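# Summary of the model geometry
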Amino acid sequence: MGIVTVTPALVEEVRQALGLKTFSRPYAVLLDPGDFGTVFTYLPLMNGEYEKLPIPMRRYAYCIDKGRYGLIGYLPKGFETPREGKVATVTVTYNEFHTVVDLAYTLDESPDTTYHVQHPLRREKLLEHAKKKKIPTRSMVRSSQ
């Protein structure tokens, strides 16, 4: 993952580059649409601010959504569940091209409930977490036909 989080010094450089007196705005959180876990938190850039940034500084801004940019302030180091409990099992479904089409996990606190992870960054972190912690992982391949 090549995401770079911003430092206070970098935020100050961005403020100066945009010609703003202050750069005080609330952080926003990007949540996984599947299990509502935190993908990252970011400092939003308003309409037109990305285009005003000098080319070298644009590499610190990430496209959050169509036409929306932000500076990443916090990126979880590992997989964090938004609920109580630890990951107990992981199920990963691949297509015939070995692309993950579904990734789900259960928690030790609620083994009957399955939570699906949809965001690619969180999927990557969950797979790394399962490998590191030696969590039982069930894999399957489904054809698209």
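Here, the structure is the one placed above.
Let me begin by describing the structure that accompanies this report.

About the criteria used
Residues numbered from 1 in each chain as written. Predicted model: local features only at pLDDT ≥ 70, side-chain atom pairs only at ≥ 80, totals over all residues. Heavy atoms only, no water. Pairing = 2+ DSSP bridges. Helix = DSSP H or I, 4+ residues; strand = E, 2+ residues; numbered from the N terminus. Axes fitted to C-alpha atoms, helices over the stretch in contact; angles between N-to-C directions. Contact = heavy atoms within 4.5 Å. Core = buried A, V, L, I, M, F, W, Y, C linked by side-chain atoms within 4.5 Å. Buried < 20%, exposed > 50% of the residue type's maximum accessible area, 1.4 Å probe, protein only.

### Side note on the sheet that holds strand 6 (residues 100–107)
In sheet architecture, strand pairing relies on hydrogen bonds along the backbone and comes in two forms, parallel and antiparallel. Taken in spatial order, the four strands make up an open sheet running 7-6-5-8, and their pairing is mixed. In this open sheet, the two strands that pair with only one neighbour each are strand 7 (115–117) and strand 8 (137–141). On average, each strand axis in the sheet is inclined to that of its neighbour by 20°, with strand direction left out of account. Contacting strand 5 (87–94), strand 6, strand 7 and strand 8, helix 3 (residues 120–133) crosses the sheet at an angle of about 55° to strand 6.

### Observations regarding the nonpolar core
Counting 14 residues, the largest nonpolar core has V14, L18, F23, L45, L53 and L71 as the members making the most contacts within it. Mapped onto this core, the elements with two or more residues apiece are helix 1 (8–18) and strand 2 (38–45). Considering every element that reaches this core, the biggest residue donor is helix 1, with four residues. Excluding residues that lie within four positions of it along the chain, L18 makes contacts with F23, L45, E49, K52 and L53. Of all hydrophobic cores here, the second largest spans 13 residues; its members include V87, Y105, A130 and I135.

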